[in-house]
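Descriptive analysis of the structure
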Amino acid sequence: MCEYSHAMGNSCGGLAEYWRVIRSHGVLQGGCIWDFADQGLCMPLVKPADGALASVATDMPPPPLGGKRRFAYGGDFGPPGTPSDEAFCINGLVQPDRRLNPHAMEARAAMQPIWTVPGPAGIGTNDAELTISNEHDFLPLSPFALVWEVQENGVPVRGSIVTELPHCPAHSSARLTLQHTPHHLSLRPVERHLFLRFVRKADRCEVAWAQFALPPWTRPPSLLGAAAGCSPGHGGAAGVQVVDVEGAPDLIVPGAELTVAFSRATGLPSSIKYRGEERLKAPLEPSLWRPLNDNELGSGRNKALMKWRMAGRPSHENGHMRMIWGPTATPCPDGRVVVRSKAALTHDGDAVIHTTCTVHPGVDAVEVRARVLLSGGDGGTDANAEEGAEDEGESSREPRGTFLRDGSVVVLRSDEASAHLDVDGSQVRARWDDCGAWQQLLVRAALERPPDDSPIRYGDAVFLIAHTGVPIIAEPETLQLAATTPSANAAQRFIIEAESGAVQNGDIVRCCAPIFLKIASPSSCFRSKYVAPAARHGTDGSVRLLEDPSTWRLQPGRATHFYHAAPLRVGIECALVKKCATRVRWFGRGPHESYPDRLDGAPIGQWDGRVIDQTFRYCRPQETGNKMETRWMALSDDSGSSGTLVLALGTPLSMQCHHHPLDDFDTLPESRTNRVRHGADLEAKDLTTLCVDGAMAGVGGIDSWGNLPLPQYLLSLDRPVEWAFALRPFSANDDPASLATALVDAT
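This structure is a prediction, so every number in the text was calculated from the model and none was measured.

Here is what the cut-offs are and how they apply
Residues numbered from 1 in each chain as written. Predicted model: local features only at pLDDT ≥ 70, side-chain atom pairs only at ≥ 80, totals over all residues. Heavy atoms only, no water. Helix = DSSP H or I, 4+ residues; strand = E, 2+ residues; numbered from the N terminus. Core = buried A, V, L, I, M, F, W, Y, C linked by side-chain atoms within 4.5 Å. Buried < 20%, exposed > 50% of the residue type's maximum accessible area, 1.4 Å probe, protein only. Contact = heavy atoms within 4.5 Å. Axes fitted to C-alpha atoms, helices over the stretch in contact; angles between N-to-C directions. Parallel < 35°, antiparallel > 145°, perpendicular 65-115°, else oblique. Left-handed = near helix turned anticlockwise from the far one by under 90°. Nonpolar A, V, L, I, M, F, W, Y, C, P; charged D, E, K, R; others polar. Pairing = 2+ DSSP bridges. Salt bridge = Lys/Arg side-chain N within 4 Å of Asp/Glu carboxyl O. 1 Å grid on protein atoms, 1.4 Å probe; cavity = no way out; pocket = protein on both sides within 12 Å on 5 of 7 lines; lining within 4 Å. Points joined across faces, edges and corners; volume = space filled by probe spheres on them.

Note that S142 resides in the loop between β6 (127-134) and β7 (144-152). Separated by 21 residues in sequence, S142 and T163 place their C-alpha atoms 8.7 Å apart.

Right, let's talk about the nonpolar core for a bit. In terms of nonpolar packing, the biggest core is built from 60 residues, with F262, L284, V570, L635, W723 and F725 touching the most fellow members. Looking at which element gives the most residues to this core, the answer is strand β20 (residues 365-374), with five residues.

Here the focus is helix α2 (residues 102-110). Along an α-helix, residues three or four positions apart point the same way, because every turn accommodates 3.6 residues. Of all nine residues that make up α2, seven are buried, and the element is covered over most of its length. Check the buried side of α2 and you find it contacts α1 (15-25), β2 (32-34), β5 (114-123) and β11 (206-214).

A word on the packing of α1 against α2. At a minimum axis distance of 10 Å, the contact between α1 and α2 shows a crossing angle of 15°. With respect to α2, the axis of α1 lies roughly parallel. Our pair here, α1 against α2, has a crossing hand that is right-handed. Contacts from L15, A16, W19 and R23 of α1 reach α2 at E106, A107 and A110. For the contact of α1 with α2, the class distribution of residues is five nonpolar, no polar and two charged.

One open sheet holds the four strands; their spatial order is β12-β13-β14-β15, and the pairing between them is antiparallel. The sheet is open, and its two borders are formed by β12 (250-253) and β15 (277-278), each paired with just one other strand. Where β12 lies against strand β13 (residues 258-263), four bridges are found, and the strand directions are antiparallel. Looking at β13, one finds that V253 is bridged to V260.

Taken in spatial order, the three strands of this open sheet run β5-β6-β9, and their pairing is antiparallel. Across the chains shown, the open sheet's two edge strands, defined by having one partner strand only, are β5 and β9 (172-179). Across the sheet, the axes of successive neighbouring strands diverge by a mean angle of 30°, strand direction being ignored.

Here the focus is unusual backbone geometry. Looking along the chain, the bond that leaves W34 and enters D35 is cis, with omega of 5°. Residues G590 and P591 are joined by a peptide bond in cis, for which omega reads 0°. By secondary structure assignment, the location of P591 is in the loop between β34 (583-589) and β35 (604-610). You will see that R98, though not glycine, has its phi angle at about 75°, which is positive. Mapping R98 onto the fold places it in the loop between β4 (70-72) and α2. Located in the positive-phi region is H171, a residue other than glycine, with phi close to 60°. Structurally, H171 can be placed in the loop between β8 (155-162) and β9. H171 gets classed as exposed once you look at its relative accessible area, which sits at 56%.

Moving on, we come to the pattern of salt bridges. Tallied over the entire structure, the rule returns 37 salt bridges. Among the salt bridges present, the one from D244 reaches R264, with a minimum N-O distance of 2.5 Å. Here the residue D244 occupies a position in the loop between β11 and β12, and R264 occupies one in the loop between β13 and β14 (269-274), the gap between them amounting to 20 residues. Exposure remark for D244: the relative accessible area of 46% places this residue in the partly exposed category. Notably, a salt bridge pairs R309 with D666, separated by 3.3 Å at the nearest N-O pair. Highlighted residues: R309 in the loop between α4 (301-304) and β17 (322-331) and D666 in the loop between β39 (653-658) and β40 (688-696), separated in sequence by 357 residues. D666 gets classed as buried once you look at its relative accessible area, which sits at 1%.

What follows concerns empty space enclosed by the protein. The final tally for this structure, using the stated rule, is three cavities of 30 Å³ or more. Taken as a whole, the second largest cavity encloses approximately 50 Å³ of empty space. Around the second largest cavity, the lining comprises 13 residues; the ones closest to its centre are G9, D38, I90, Y618 and Q622. Residue composition of the lining of the second largest cavity, by class: five nonpolar, five polar and three charged.

Given below as structure tokens:
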């Protein structure tokens, strides 16, 4: 291996997968994370009065604890137009002043020199057999001690220290059995973990850690379950009078202590008042966009994902969300009120959201259940459809990952050459049997597609757009890149023909199908020479145009699941009143940020901190602060006496909070230019943004110039994304952890 991970900005996703391979096979050597440090220079926080950039300070003292520095990078030097690589050298595990970036914690966890896994007997209710691997080159385990603890719902309840570890020289393993829970103890129905820390005996410095879930534990059902027996038209009077005035922007569900208003524009809560005090600064809204990180800018996500930027934002806010039906409120016999709605999220109606919100006056909570899915192309525009029913396209649509469509990203593999078509500079060749960035091709229909965005079929003409954004063109004998964007030029148009008699013109082109590609004019097909890849047989891998057809196979590209790119997150966003949301406590991964492909360095526990500290100030602002596998999050004033509990219902969720709108971390639309250029320039606002997400993509890190996160960390809307949570205001007499447990245990 050489440079296998690029630490530019919010990065280093996939390190755990690399290190699983490294530890599994023992034959890989070398390997560099590029770089160790962000290469930036300290610059004054205050610019000169005339607006010109002051000279870079070389003798600035370190900032106070919790302070901030502005680090200059490419584009900060010289007059406007001075060439630079912008933030490309801000690519380290640590900041320029050597303070840790969050991904440094992932690298530390992946490369720690003592590695622990369950032994053959496994991790039991009372005992744990551990296999400890000493990956030091010279040291045995004798200079180290093991500190262990049992955590219940993220809180330590018992533990001890093992001062004499088994004999274990460098590059060897040993077994250790711990009795972590006495057999006579009765176990409470809580989530339990065994947490291990290996420390140096001399100074108690931690050198490695591990965490394992302990049985038995099954997530119990929540008091805030589905609204059974309360379907539309079957409600019962229970003393709750819903205020539903025609023409009013909201419908209101009043209560003795909790009053919730629901926006007619979204079907979601727009106001939550608890004992007369408003908790929402801005309403709940669906969100399918997250601020782009450096890896996403480098792979062109700022353009490829544009349809999702305004998805979920109401049309009166210049967004693309529009109601299909609802919201409708149904009182239930037990006093609950259920509010249902359905809305299109995108400008083309391609994605829809179903929401079911339930006000629970008995526990002063509002439950939100959401389901986002592709609509099958009709946009779900039938406003007269029965409430709660799916569109026919939603329930019967074939998964889009199985067929080719306008906007698919694919790779083309030659059966004869055992190589994929690649574009390097202006040359089009078939040299390697891999699917990297150079092999990715965007398929665009050469003719205007019908409004239902149907699949591409045999006999259709398409453009093949290289990763550079330029179409492939047929020259007299070979393939090249065109000098213009796709046009009516027949040499840029390729007709997909069936390779066998099993299919014919008009049939859908499916994933991995063998095909012929025929030039629209003149009548010829292009093919690789009848050879293996150039790396083995000394050819240049060139592609020629011949009379006889050659078989290619359409395979899914990395950018998508064989159709246009899915969003980076699917969730709901709102803003809380800041005075009741400056402190954050949560039960999930922490204390630093974590993402689906970068969470091994963040243990599960209960954490407590300031909201302002959850926003990591990357040198160039970008996506930050996510907390994976969050069971609950409590936002409150500094003393914890007044706040709002967010409780994941069922599966733990991704959550994050900031004193900034997310746009502060983002680039301008259709641009690579940041709204705020330097992390030190981010200014806290009079709000607390809260995100509760049902799905979150990885951050990537293989490189920052084309590769996406590993396929398992990309999102897909081929199947619905469903998630649920509850919002429960609390006061001085409520402990958030106990309140969260009570809401679950009350069934």
